[in-house]
Amino acid sequence: MLQHLLGLPALDLAAALTEACQRLAETLRCDKTDAFLLEESTQTLVAVGTSDTPLGRRQKALGLDRLPLANGGKVADAFQARRTYATGDQDYDVGELRGVVEALGVRSQIAAPLEVGGAVRGVLSVVSTTPRYFDAPDVGFVEAVSRWVGALAHRAELVEALRRADEQKGRRAAADEVVTVLAHDVRNHLNPLHGRLQLLRASAGRDGRDEDLLHADAALRSLTRLTRMTSDLLDINRLDRGLFVLYPAPLNLLALVRETAPTLATPSVDVSAEGSEDLVVVADADRLRQAIENVVGNAVKHSPPGRPVRVEVGPAEGGGEPRALIDVVDRGPGVPADLLPRLFQHFAAGAGSTGLGLGLYLARCIARAHGGSLQVESTSAEGTRFRFVLPLAGPPSPAALGVGYKGS
């Protein structure tokens, strides 16, 4: 019996338990065997596996393959007490369900707790319509089999989880491929569109058509956002494929931040620095600017009116390798608690967001590619602080992202 259980293939959970119950019923020559597992949502023991015997089929027809804990009964008692129940005179046990005794005619039963993955999750039950059918060795045998059936159930659950993960990964890969192809095709149309809008804007300016000029500016701003979104999607694909390349060179960090902030919203961003005029990092200026834009732009969107986003640049205090810090601070409502743990993941957009949730993910990837990090602290009372940490000394070390480096 145990050799057969060990040899069972990695079926789905119901098929594995049904096969185990069938073999156990044949071995003991009993009328029915069940592997009950607790359904947490309803607090009901459900016969996930049942032997294909006349009594097993009758049990299903009567609906006795679902046993709510609240209804009691000896199977429920064995589960709750974590103790094996055995009897040969079940018709005299006042604690048994009447349906089991009268409708099924059960007279002998062994019900052993079923442990799956280190926790009691159900009961392995064998029954007979013959009084005093089982003996003491049968009880020990069923207890031993329950441990092996529990291991079989655990293995089947793990296989099911892996199968679901593979299916989800496959769907995600297919979706990513579609999005990447679409983003690439869209980008091919953006540059000509940008050029035509610039021509329309210039024409409106020459002819004094102020209203048309406002419309052209609004369209250009929308097009810029779309271009950035498309670029982010393509960068995600490059990161996943290990094709993301940096061109590092020495640059003045404060100058880069002061150059980047005004491109977002001058009245809304306040850059402050103390002792930071000579902070030099070895970095890809375009990529680092992209990361800063993503974080500052996110902060501007969540900052209340009249409360500028503060960007602080300075050296890190403490020993160890010299580092530079860029803090981006807003006084908004803070990051929702349910979003905070996955803030830097793909498509981690919160409720009401107008973006795809890629900007912060890319910003952290770029920081790590430069040998640094991007962290966040957020509370509803004080707002949100994003902190870039970048090394000051030496060239960046390749991160575990498949990122390439090329000389300037």
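**A look at the pattern of salt bridges**
Across all of its chains, the model carries 20 salt bridges by this definition. In this structure, Asp93 engages Lys74 in a salt bridge whose closest nitrogen and oxygen atoms are separated by 3.9 Å. With Asp93 in the loop between β4 (85–87) and α5 (98–103) and Lys74 in helix α4 (residues 74–81), this residue pair connects regions lying 19 residues apart in the sequence. The exposure classification of Asp93 matches that of Lys74, with both residues buried. Two residues, Arg310 and Glu312, come together in a salt bridge whose shortest N-O distance is 2.3 Å. Arg310 gets classed as partly exposed once you look at its relative accessible area, which sits at 24%. Counted as one network, the salt bridges with shared partners bring together Arg310, Glu312, Asp327, Arg385 and Arg387.

**Describing helix α3 (residues 54–62)**
Listed in full, the buried residues belonging to α3 are Leu55, Gly56 and Gln59. What you see down the axis of α3 is that its buried residues fit within an arc of 105°, all on one side. Counted as exposed and oriented over 90 degrees from the buried face of α3: Pro54 and Ala61. Those residues of α3 that are buried lie in contact with β1 (32–39), β2 (44–50) and β6 (119–128). Looking one or two residues past α3, Gly63 carries a phi angle of roughly 75°, positive in sign.

**Section: the nonpolar core**
Core analysis: the largest hydrophobic core is formed by 43 residues, its most contacted members being Leu253 and Phe388. Taken together, the elements giving at least two residues each to this core come down to α7 (210–241), α8 (253–260), β10 (280–283), α10 (285–302), β11 (309–315), β12 (323–330), α11 (359–369) and β14 (383–391). Among the elements that line this core, the one with the most residues is α11, at 8 residues. Ignoring any residue separated from it by four or fewer positions in sequence, one finds Leu253 in contact with Leu279, Val281, Leu288, Val313, Ala324, Ile326 and Leu390.

**A short note on the environment of Leu64**
By secondary structure assignment, the location of Leu64 is in the loop between α3 and β3 (66–68). Overall, the relative accessible area of 17% leaves Leu64 in the buried class. Contacts of Leu64, omitting those with residues within four sequence positions, involve Gln59, Gly99, Val100 and Leu104.

About the thresholds
Residues numbered from 1 in each chain as written. Predicted model: local features only at pLDDT ≥ 70, side-chain atom pairs only at ≥ 80, totals over all residues. Heavy atoms only, no water. Salt bridge = Lys/Arg side-chain N within 4 Å of Asp/Glu carboxyl O. Helix = DSSP H or I, 4+ residues; strand = E, 2+ residues; numbered from the N terminus. Buried < 20%, exposed > 50% of the residue type's maximum accessible area, 1.4 Å probe, protein only. Arc of directions from axis to C-beta. Contact = heavy atoms within 4.5 Å. Core = buried A, V, L, I, M, F, W, Y, C linked by side-chain atoms within 4.5 Å.

Just distances and angles here, no functional claims.
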